[in-house]
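The chain contents come next:
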Amino acid sequence: LVERERKFRNLFNFAPLGIFCVDSNGKVTDYNQTLKKILFLSEEDDLESLNVFTSPMFIQSGISDQFRWCLDKPVSLSSTHHYSTRSGDQKIFLIHYKTVTDEFGRISGVQAMVEDRTLTDQAEEKYQRLFSNMVNAFALHELILDDYGVPCDYRFLEVNPVFERMTGLSAK
């Protein structure tokens, strides 16, 4: 049992996602170091002294509301939050919440996993702007194969506005 706990703790601490647990009163009861990095907190910051219902960083980003939702009824949900760091940088987080129940089925807290989606979302927005504003027609196709693996048709997966104007065809 001690070895399993050590392995679990190691997995928890070195996970690529920020992970934290909150009790039914909103008090942070456990967290990994990745969470501190994602939230841009210093080593001296003690998350266990925070309450998700009273901490401005959780209230302003809407994270508090999701914790309340999970504490009202057993659910598993994911939502995107815009978060401001202490230095004023804007971050985009995808947070997965899961209600925790005790052995009698009573809600005892919430576990959350936090993924920093800032760079991914910015890259997707940049790609979408480039794709939508390019002057050349562009279409991405998927080949449809027959039972013998021979191409017999295709479908549009993505087209840009210039392609639609030039051909009258759309990906829909």
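See the structure above.
Below: a short report on this structure. Computed from a prediction, not measured in an experiment: that's the story for all the values here.

1. Here's the deal with the nonpolar core
Line of reasoning, step 1. In terms of nonpolar packing, the biggest core is built from 26 residues, with F20, L39, L47, V52, F67 and Y97 touching the most fellow members.
Line of reasoning, step 2. Mapped onto this core, the elements with two or more residues apiece are β1 (18–23), β2 (28–31), α2 (33–38), α3 (56–60), α4 (63–72), β3 (76–84), β4 (90–101) and β5 (107–116).
Line of reasoning, step 3. With 4 residues, α4 is the largest single contributor of residues to this core.
Line of reasoning, step 4. What Y97 contacts, discounting residues up to four positions off in sequence, is I63, Q66, F67, C70, V75, S76, L77, S79, H81, V110, Q111 and A112.

2. Here we look at the side chain of H81
Line of reasoning, step 1. With respect to the secondary-structure elements, H81 resides in strand β3.
Line of reasoning, step 2. At a separation of 2.9 Å, a polar atom in the side chain of H81 contacts the side chain of Y97.
Line of reasoning, step 3. Other than its neighbours up to four places away in sequence, H81 contacts S61, G62, I63, Q66, K91, I92, F93, I95 and Y97.

3. Focus on α4
In an α-helix, one full turn covers 3.6 residues, which means residues spaced three or four apart are oriented alike.
Line of reasoning, step 1. Those residues of α4 lying buried are I63, S64, F67, C70 and L71. Buried positions in α4, seen along its axis, are confined to an arc of 125 degrees and lie on one side of it. Within α4, the exposed residues directed more than 90 degrees away from the buried face are D65 and D72.
Line of reasoning, step 2. Structurally, α4 contributes buried residues whose contacts are with β1, α3, β3, β4 and β5.

4. A few points about the pattern of salt bridges
Line of reasoning, step 1. Taken as a whole, this structure holds 9 salt bridges when the rule is applied.
Line of reasoning, step 2. One salt bridge in this structure joins R86 and D45, with 2.9 Å as the shortest N-O distance. Here R86 is found in the loop between β3 and β4, whereas its partner D45 is found in the loop between α2 and α3, with 41 residues between them in sequence.
Line of reasoning, step 3. The class of D45 is buried, set by a relative accessible area of 17%.
Line of reasoning, step 4. For the salt bridge of R117 with D121, the shortest nitrogen-to-oxygen distance reads 3.2 Å.
Line of reasoning, step 5. Look at R117 and you get partly exposed, because its relative accessible area is 21%.
Line of reasoning, step 6. What makes D121 buried here is its relative accessible area of 17%.
Line of reasoning, step 7. Taken together, the shared-partner salt bridges connect E115, R117, D121 and E124 into one network.

Rules behind the numbers
- Residues numbered from 1 in each chain as written.
- Predicted model: local features only at pLDDT ≥ 70, side-chain atom pairs only at ≥ 80, totals over all residues.
- Heavy atoms only, no water.
- Core = buried A, V, L, I, M, F, W, Y, C linked by side-chain atoms within 4.5 Å.
- Buried < 20%, exposed > 50% of the residue type's maximum accessible area, 1.4 Å probe, protein only.
- Helix = DSSP H or I, 4+ residues; strand = E, 2+ residues; numbered from the N terminus.
- Contact = heavy atoms within 4.5 Å.
- Polar contact = N/O pair within 3.5 Å; in protein donor to acceptor, adjacent residues only side chain to side chain.
- Arc of directions from axis to C-beta.
- Salt bridge = Lys/Arg side-chain N within 4 Å of Asp/Glu carboxyl O.

Coordinates in, geometry out; function isn't part of it.
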